[in-house]
Structures are given as C-alpha cells and as structure tokens.
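As a plain string of letters, each chain reads:
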Amino acid sequence: MSVRLKSVSKEYRNIKALDNVNLEISKGEFFVILGPSGSGKTTLLRVIAGLEEITQGNVFIDDDEVTKLPPSRRKVAMVFQNYALYPHKSVLENLLMPVEGEMKRDEASKLAKHLSTLLGIQEYLTSYPSELSGGQQQRVALARALMKNPKVFLMDEPLSNLDAIQRVSARKLIKDIQRQNQITTIYVTHDQVEAMALADRVAIMNKGKIVQLGTPEEIYSKV
Ligand code: ADP
Ligand code: ADP
C-alpha cells in the first residue's frame, strides 16, 4: 500500500473539515475524490502533502509514518487549479526550481527537456508563463510536478481551466504518465465524466467523511 490515513481528523476552530477518515490507497492506483464544495477534498490532499497539521490520526506513505514530516520530506507532488507558475521565470527555470540544490543542473535540464517533449511544451522552454495558453501552462505545471519523480501525485482540479478538447488530451496524458511510472495518484474533481475516465477507484466525500468508495462501475451503478 502506498498512502494510508488512519482515523484522520482535521478541525478548523469548530469546523470538522475531515472527520475520522480511514483510507488505504495502493501503489500505482489512480484514486479520484468527488464531492460537493466544502466537503473536505482539498483538505484531504493538503493533509497528505503535509501542508496541514492534523488534529488527530496518522498518515503513512509507503508504510512510513509521515504525520510529523514536512512536505519536503514526503516525496509527494501537488498540482493545483491555478497552476502557480512563477511569472518572472522562464518555463525552463520554472521546471528547474523544484530540484534546485538536489540535482546537478545539467542533469536537471536534461530531465526538464525530456518531460517537456513528453508534454508537448518543448518549444516554450525559453518563454514566460504569460506568453502561454492556459492549456500550455497546465502542462508546464504537470511537468514541474514530475521533476521530483514523486511517489505520490496529488491533483486538485488540475484541468479546470482547460476547454473541453484540451481537457480530453490532458486527461489522456496524465493517465499515460501515471501508468508508465506507476505513480500513486489522488485526483480531486467535480466532473463525473473525468472521474469515470481516470479512476481505478472513486471516493465520494460529504461533510468531512468518505460516504462511498468503489470502482467507477460500482459507484455509478448505485446512482
Ligand atoms: P473542498 O475542497 O471539498 O471544497 P475544503 O477542504 O476546501 O473542501 O474545505 C472543507 C471545510 O473546511 C469547509 O467547510 C471549509 O470552509 C473549511 N476550511 C478549509 N480550509 C480552511 C481554513 N484554512 N480555515 C478555516 N476553515 C477552512
Ligand atoms: P476548493 O476549490 O477546494 O473549494 P476553496 O476555494 O474552498 O477550495 O479554498 C481555497 C483555499 O482557501 C484553501 O487553501 C483552503 O484551505 C482555504 N479556505 C477554504 N475555506 C476557508 C475558510 N473558511 N477560512 C479560511 N481559509 C479557507
């Protein structure tokens, strides 16, 4: 197993954003989280990434307890809705940032070029984010997240700013890279079609709890 939450709760003052969540996600699994706004999806990702301290419970990655570890020590990459590229840095510089000081620069450049080719953004390495379309920026954000060779990939509505056609091709790309590298992926979306297309398993959240869990077929046969 690759990611495990044991009785995890997260409270903000009097709001229970996560209410005693138990969850096991296998290595290489594509796990999708659906649920209404405010149900705790983003909090769940942030807890796994180490961006939120939890009120109760334990978090494990690859059988190691990481509950108290900072994000930098979790081998987890996260892609958000707003891709948050650095506007004053070129695409290449954006890609190199996450591995600065950890990888030799020429090695890092080689990897950046490889990932850019894979994602079809190799022509834009010297461009600045503002010169790219939303879809291209999204690809840069994906490439940047992959630079660290993450064991766990967390995505929060990463395709929300793409049009329908771009979304279909980006979806395929994410799925291909995820499969090839056996990256355990946890993916938040509002889009049921996207969930069906991507998921090995789907969890539906409501009010800080997982209220349904199963393969897409199991989930949708009950709707
Ligand atoms: P979702 O991603 O499903 O929309 P969130 O995880 O963002 O849900 O939020 C879950 C609940 O926790 C909501 O009630 C939200 O208002 C609350 N919440 C999230 N972050 C904070 C915060 N930093 N401070 C206070 N309340 C928060
Ligand atoms: P989502 O798209 O998941 O619904 P939100 O817009 O709810 O995201 O939240 C965006 C950011 O604001 C998150 O980092 C979340 O932690 C924070 N946040 C959400 N609700 C609150 C709140 N009630 N008070 C403070 N911060 C919040």
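Cut-offs used in this document
- Residues numbered from 1 in each chain as written.
- Chains lettered and ligands numbered in written order.
- Predicted model: local features only at pLDDT ≥ 70, side-chain atom pairs only at ≥ 80, totals over all residues.
- Heavy atoms only, no water.
- Helix = DSSP H or I, 4+ residues; strand = E, 2+ residues; numbered from the N terminus.
- Contact = heavy atoms within 4.5 Å.
- Buried < 20%, exposed > 50% of the residue type's maximum accessible area, 1.4 Å probe, protein only.
- Near = heavy atom within 4 Å.
- Polar contact = N/O pair within 3.5 Å; in protein donor to acceptor, adjacent residues only side chain to side chain.
- Areas by Shrake-Rupley, 256 points an atom, 1.4 Å probe, with all protein chains shown as cover.
- Nonpolar A, V, L, I, M, F, W, Y, C, P; charged D, E, K, R; others polar.
- Pairing = 2+ DSSP bridges.

As recorded in an unreviewed UniProt entry, the chain goes by the name ABC transporter related bacterial G-3-P import, listed as coming from Metallosphaera cuprina.

Tracing the backbone through its elements, the reader meets threonine 189 in the loop between strand E8 (184–188) and helix H6 (192–198). Threonine 189 has contacts with Val32, Ile33, Leu34, Gly35, Glu157, Glu194 and Ala195, leaving out every residue within four places of it along the chain.

All right, on to the environment of asparagine 149 then. Looking at where asparagine 149 falls in the secondary structure, it is placed in the loop between helix H4 (134–146) and strand E7 (152–156). Residue class for asparagine 149 comes out exposed when judged on its relative accessible area of 55%. Separated by 85 residues in the primary sequence, asparagine 149 and aspartate 64 have C-alpha atoms spaced 18 Å apart.

Take the site of ligand 1 next. Residues in close proximity to ligand 1 include Tyr12, Arg13, Ile15, Ala17, Pro36, Ser37, Gly38, Ser39, Gly40, Lys41, Thr42 and Thr43, which together make up its full environment. One of the side-chain nitrogen or oxygen atoms of tyrosine 12 is found 3.4 Å away from a nitrogen atom of ligand 1. Residue serine 39 places a main-chain N or O atom 3.1 Å away from an oxygen atom belonging to ligand 1. Protein contacts shield 63% of the accessible area of ligand 1, which totals 550 Å² for the unbound molecule. Element by element, the count of residues in the shell around ligand 1 is highest for helix H1 (residues 41–49), at three residues. Of the residues that constitute the shell around ligand 1, the class distribution is four nonpolar, six polar and two charged.

To continue, consider the sheet that holds strand E2 (residues 15–25). Across the sheet, four strands lie side by side as E2-E1-E4-E5; this open sheet has antiparallel pairing. Every interior strand has two partners, whereas the edge strands, E2 and strand E5 (64–65), have only one. In this structure, strand E4 (residues 56–61) lies alongside E5, joined through two bridges in antiparallel fashion. Along E5, the bridge assignment pairs phenylalanine 60 with glutamate 65.

The full set of residues close to ligand 2 is Ser37, Thr42 and Gln81. Between ligand 2 and threonine 42 there is a distance of 2.4 Å, counted from an oxygen atom to a side-chain nitrogen or oxygen. In isolation ligand 2 offers 550 Å² of accessible surface; the protein chains occlude 33% of this area.

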